[in-house]
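Below, each chain spelled out in residue letters.
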Amino acid sequence: MDERAAETIFKAENVKKKYRRLQLSSGQWKTNYALDGINMEIRRGDIYGLVGGNGAGKTTLMRILAGLAAPTEGTIELFGESDPKKLHIQRRRINGIIETPALNPALTAWENLEVCRLQQGLADDGRVEEALSLAGLAPRDIEGVKVRNFSLGMKQRLGIAKALLGRPELLFFDEPLNGLDPEGIWDFGALIGRLKESGVTVLISSHLLRELSLLATCYGFVCKGKMTGQITARKLEEKGGDLEAYYLSQVQKSSGGMD
Amino acid sequence: MGKLIKAELFKLSRTFTYKALITFSTVIGIAFGTVVVRGGFTAAGIFWVAIMGTGFLYNAALISLFAADYIAGEFANRTFAAEIACGASREALFGAKAAVFFVGLLPLLFIYDIITIAVLTVQNGFGAAWNADTAVFIISRVLFSILCNFTMGACILLAAYLARSRLATVGIGAGGAYLLHQCCINEHNPVLLKLWQFTFVYQMDAVCSGRRAEPVPFTIVAISSLVGTAALLGAALLAFCRCDLK
Ligand SMILES: Nc1ncnc2c1ncn2[C@@H]1O[C@H](COP(=O)(O)OP(=O)(O)OP(=O)(O)O)[C@@H](O)[C@H]1O
Ligand SMILES: [Mg+2]
C-alpha cells in the first residue's frame, strides 16, 4: 500500500471487540470476537472498499469508527487523535450510514435535516436543499411527507443527504446500495465519483463486488474479525483486476486453504 | 451543548406525541372544569393550588408516554447513534436531552392544574387574600410539585435509558409507578413508613389523598428530591456513556 502517500486519517491498531453471551443450553458464557485484532489504515482521498462475508466484522468496525461501540482492546486513531475522550471532536469531520439510515420517521425529510443542521451548528446557507439535491431527492416528492411514508430507496437517499450535510472529510457507508434501484445505484456511483474529485475520503462496505470495483481505489478484506489483506485498485489491476477472484483467494488463505 | 439544546427544542416543537399529550392534558383540564361547573363543586381556587401536581398515577402515565417517545424513541430510530457518529459527545447529548425533557414536562404536567384552578377561581373565588403569605404558599406548592414530579421524571428517564425501547419504557414507567404507589399506601410498619417519607411517592400521596396525617416538611422534600434526581440522572448518564449503540 506504499503508493498511497497521502496523510493517514483513520488507523486501527490491533482492534478487538469481544461479545459475551449466555448460552441457555449449557448455562455458560460464550465469548465471541466480532473483531479479532484488526489493523487498517485509510489515507486521505481513498475510496476504501471493505469486503468480507456475513459476520466478518465490517459493521462492528464501522460502529467503532463512529463511536457507537468501544473496542475491547487496541486503539483507533482519527485525524491523528487517539485519546478516546477526545475522539468525538474529530468525529465532527466524519459522517455516514451504518446498515440503514437513522431517521426520525415522524418528521419530514426537511425536518430531519434541519435537526441535523442545528445539532452540528451548521450555517443556514441552503445546504439542506443542496444535500437533498445531491442525494437525488426531488422537492416535489418529499414536500410535507413524513419519512415513515418514504420508500426504502428514498430513506436511503435521505440518509445519504444527512451524511453529506456537514460536508464531512470522511464518509462511511455500510451496505449503501441496499434498497437502491438500478438508477439509485448509478446515482450513488456518480456521487462517489464527485466526492472523490473534491478530495473526500470514503469507506464503503458492500457485498456487491462488481459495483464496488467501479468505485474503490483500494480494498481491505475482512474475515472472521481479522484483516486478511489490503490492496490498491492499481495493484489489483496488475494482478488481473478480478475483485471477486481476489476476494475468494483471501477467504481461502484465511481458512488455511491454498492461496 | 447550546446547539444540541436548540436541536432538541426544534424536535420537541415538531413531535406529534408531545403535541398530542399537551392536547390531552388540556382536554382533561377543560372536561374536569366542566364537571366542576355543572356539579356545584364548592371548593375555591386555593384548594386546588394546595394539591396541584400530585395526581400520582396520571402524572406517571403522562411522563412515561413522553419519555417513551422522546428518549426511548431515539434508541429505536437510532438517531442517538447518528448524532454520536458525527461528533456529539455522549455527555453533552445526555445533558441537552435531559434539560429539554424536564422543560417539556412543565406544561405537560401543569396545564391541567392551571385550567382547574382558573375554573374554580372563576366559579367559587380564589379563597385567599392576595398577600405575601398567599404568595409564599403558592410558590412553595409549585416548588413542591416540581420537585416531586422531576424526581419521578428522573426515575422514568433512567428506565428509558436502560430499557431503550418505547414499550418497555411505558411498561416500566407506568407499571413501576403503580406498584410503588400500592406498596407505599399499604405500608403500615412505622420504621418503613419513616423511610417512605423520603420518596416522592409518599410525599405526593400525603398531599393528594390525605391518607397520611402529616405532609412531609418542605426541607425534607427538597433535599430528598434533589439528591434523588441527581443520583438517578447520574445513573442514567453512566448507562448511556457505557452502552453500545446499534
Ligand atoms: N451486539 C452484539 N452482540 C453479540 N454479537 C454481536 C453483536 N454485534 C455483532 N455481533 C457478532 O459479531 C460478528 C460480526 O458482526 P458484524 O455485524 O460486524 O458483521 P458484518 O461483517 O457486518 O456482516 P454482514 O455482512 O452480514 O453485515 C457476528 O458474528 C455477529 O454475530
Ligand atoms: Mg454488516
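The rules behind these values
Residues numbered from 1 in each chain as written. Chains lettered and ligands numbered in written order. Predicted model: local features only at pLDDT ≥ 70, side-chain atom pairs only at ≥ 80, totals over all residues. Heavy atoms only, no water. Helix = DSSP H or I, 4+ residues; strand = E, 2+ residues; numbered from the N terminus. Rg over C-alpha atoms; globule rule 2.2 N^0.38 Å. Buried < 20%, exposed > 50% of the residue type's maximum accessible area, 1.4 Å probe, protein only. Core = buried A, V, L, I, M, F, W, Y, C linked by side-chain atoms within 4.5 Å. Contact = heavy atoms within 4.5 Å. Buried area = accessible area lost by both parts, 1.4 Å probe. Salt bridge = Lys/Arg side-chain N within 4 Å of Asp/Glu carboxyl O. Nonpolar A, V, L, I, M, F, W, Y, C, P; charged D, E, K, R; others polar. pLDDT = per-residue confidence, 0-100. Polar contact = N/O pair within 3.5 Å; in protein donor to acceptor, adjacent residues only side chain to side chain. Near = heavy atom within 4 Å. Areas by Shrake-Rupley, 256 points an atom, 1.4 Å probe, with all protein chains shown as cover. Pairing = 2+ DSSP bridges. Axes fitted to C-alpha atoms, helices over the stretch in contact; angles between N-to-C directions.

Caption draft 1: Representation of the overall build of chain A within the structure. When you go through chain A residue by residue, the secondary structure sums to ten helices and nine strands. Against the 2.2 N^0.38 benchmark of 18 Å for 259 residues, chain A shows a C-alpha radius of gyration of 19 Å, consistent with a compact globule. Judged by the C-alpha coordinates and their principal axes, chain A covers about 55 × 50 × 35 Å. Across the 259 residues that make up chain A, the buried fraction comes to 50%.

Caption draft 2: Structural detail: the nonpolar core. Membership of the largest hydrophobic core comes to 100 residues, with the highest contact counts inside it found for M40 of chain A together with F101 of chain B. A total of 15 residues in this core trace back to one element, the largest contributor, which is helix α6 (residues 90-124) of chain B. Setting aside residues no more than four positions away along its own chain, F101 of chain B makes contact with I63, F66, A67, Y70, I71, G153 and L157 of chain B. Counting 44 residues, the second largest nonpolar core, distinct from the first, contains V202, A216, L243 and Y247 of chain A.

Caption draft 3: Just the interface of chain A and chain B, in detail. The partner chain B presents 24 residues to the 31 residues of chain A that form the contact. Buried surface at the junction of chain A and chain B, both sides included, amounts to about 2300 Å², of which 57% is carbon and sulfur. If you sort the residues of chain A by the area they bury against chain B, L68, L118 and Q119 of chain A come out on top, with a joint share of 29%. When the shortest N-O distance is used, the salt bridge between E111 of chain A and R14 of chain B registers 2.7 Å. Of all the secondary-structure elements, those providing two or more residues to the side of chain A that touches chain B are β1 (8-23), β5 (94-97) and α3 (109-120) of chain A. Broken down by element, the side of chain A that touches chain B gets its largest block of residues, seven residues, from α3 of chain A. Tallied by class, the residues present in the side of chain A that touches chain B amount to 16 nonpolar, eight polar and seven charged.

Caption draft 4: Here's a closer look at the confidence of the model for chain B. The pLDDT averaged across chain B works out to 93; a share of 99% of its residues lies at or above 70. On the interface metric, ipTM, the complex scores 0.91, and its pTM is 0.92.

Caption draft 5: Examining the side chain of R127 of chain A more closely. Residue and element names in this part refer to chain A. Inspection of the secondary structure assignment puts R127 in helix α4 (residues 127-134). Under the relative-accessibility criterion, R127 is labelled buried at 10%. Of note is the side chain of R127, whose polar atom sits 3.1 Å from the side chain of D125. A polar contact of 2.9 Å, which involves the side chain of R127, links it to the backbone oxygen of L165.

Caption draft 6: Quick peek at the site of ligand 1. Looking at ligand 1, there are 14 residues lining it, with G55, K58, T59, T60 and H207 of chain A nearest. Near ligand 1, residues from chains A and B are present, making the site a shared one. A distance of 2.8 Å separates an oxygen atom of ligand 1 from a polar side-chain atom of N54 of chain A. Note that an oxygen atom of ligand 1 is positioned 2.7 Å from one of the side-chain N or O atoms of K58 of chain A. Isolated, ligand 1 exposes 640 Å² of accessible area, and the fraction of that covered by the protein chains is 69%. Sorting the residues of the shell around ligand 1 by element identifies β2 (28-43) and α1 (58-65) of chain A as the ones contributing at least two each. The dominant element in the shell around ligand 1, judged by the number of residues it contributes, is α1 of chain A, at three residues. Partitioning the shell around ligand 1 into residue classes produces three nonpolar, eight polar and three charged.

Caption draft 7: Up close: the side chain of E175 of chain A. Summarising the element assignment, E175 of chain A is placed in the loop between β6 (170-174) and α7 (182-197). With sequence-adjacent residues up to four places away left out, E175 of chain A is seen in contact with K58, E99, Q156, S205, S206 and H207 of chain A.

Caption draft 8: Structural view of the sheet that holds strand β4 (residues 73-78) of chain A. All names here are of chain A. A sheet is described by the order of its strands in space; here three strands give the open sequence β2-β1-β4, paired in antiparallel fashion. If you trace the sheet from one side to the other, it starts and ends with β2 and β4, each paired once. Here the strands of the sheet are splayed against their neighbours by 25° on average, with no regard to which way each runs. Where β1 and β4 come together, five bridges link them in antiparallel fashion. In the sheet register, F10 faces β4, and the bridge partner there is L78.

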